[in-house]
Amino acid sequence: MRTPHGKRGLALTALTGAVLISGLVCNADDGWAKRNKSPSSASSDPCAEPTAFIKQRIDWIRDLQKSLDSGSDNLASWIQHMEGQKSVDQDKVAKIAELRHDADSVNNLLRAGGCPAVDIDHELSTSAAAGTASPSK
């Protein structure tokens, strides 16, 4: 009867030893659960990251809108355009809607947190106007 308890005790001792050795080898800086934060995330302004997130989404929306306006490069879409038919890339439209939803959600969080909100419609309209006013190279 002592044999099963002896093996269990030996396994428990080995496991305890492995945990102790692991604890001695690893320090708190290199721990498994510790996450290093980048200096940019340690900003003192709590509004900076959400605002940057929204601005990034606006830039992506702007790029997608430009690609929608330029149309597709294939012959079928060119023929449809010449016939007066408007072809729209549904994937791009869905992505724009998703990006806008993300930006609106974070903007609502900014307002709730007391941060100045970003006027997304104004940003998109001024960027679209500025983009069409500048000559393309």
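Residues numbered from 1 in each chain as written. Predicted model: local features only at pLDDT ≥ 70, side-chain atom pairs only at ≥ 80, totals over all residues. Heavy atoms only, no water.

Within the element layout of this structure, alanine 117 appears in the loop between helix 4 (90-112) and helix 5 (120-133). With 63 residues separating them in the primary sequence, alanine 117 and isoleucine 54 have C-alpha atoms 9.6 Å apart. Leave out the neighbours within four places in its chain, and alanine 117 touches Asn107 and Arg111. (Helix = DSSP H or I, 4+ residues; strand = E, 2+ residues; numbered from the N terminus. Contact = heavy atoms within 4.5 Å.)

What follows is about the pattern of salt bridges. The final tally for this structure, using the stated rule, is five salt bridges. For arginine 62, the salt bridge is made with aspartate 59, and the minimal N-O distance between the two is 2.7 Å. Here the residue arginine 62 and the residue aspartate 59 both occupy positions in helix 2 (residues 48-70), the gap between them amounting to three residues, near one helical turn. One salt bridge connects lysine 95 with glutamate 98, and the closest N-O pair in it is separated by 4.0 Å. Note that lysine 95 and glutamate 98 are positioned in helix 4 at a spacing of three residues, about one turn of the helix. For lysine 95, a relative accessible area of 37% corresponds to the partly exposed category. Using a relative accessible area of 41% as the deciding quantity, one classes glutamate 98 as partly exposed. A cluster of three or more residues bridged by salt bridges with shared partners is formed by Arg100, Asp104 and Asp121. (Salt bridge = Lys/Arg side-chain N within 4 Å of Asp/Glu carboxyl O. Buried < 20%, exposed > 50% of the residue type's maximum accessible area, 1.4 Å probe, protein only.)

All right, on to the nonpolar core then. Among the nonpolar cores identified, the biggest contains 14 residues, and Ile54, Ile58, Ile61, Leu110, Val118, Ile120 and Leu124 are the most heavily contacted of them. If you list the elements that add at least two residues to this core, you get helix 2, helix 4 and helix 5. At five residues, the largest contribution of residues to this core is made by helix 4. Residue contacts for isoleucine 54: discarding those within four places in its chain leaves Ala103, Val106, Asn107, Leu110, Val118 and Ile120. (Core = buried A, V, L, I, M, F, W, Y, C linked by side-chain atoms within 4.5 Å.)

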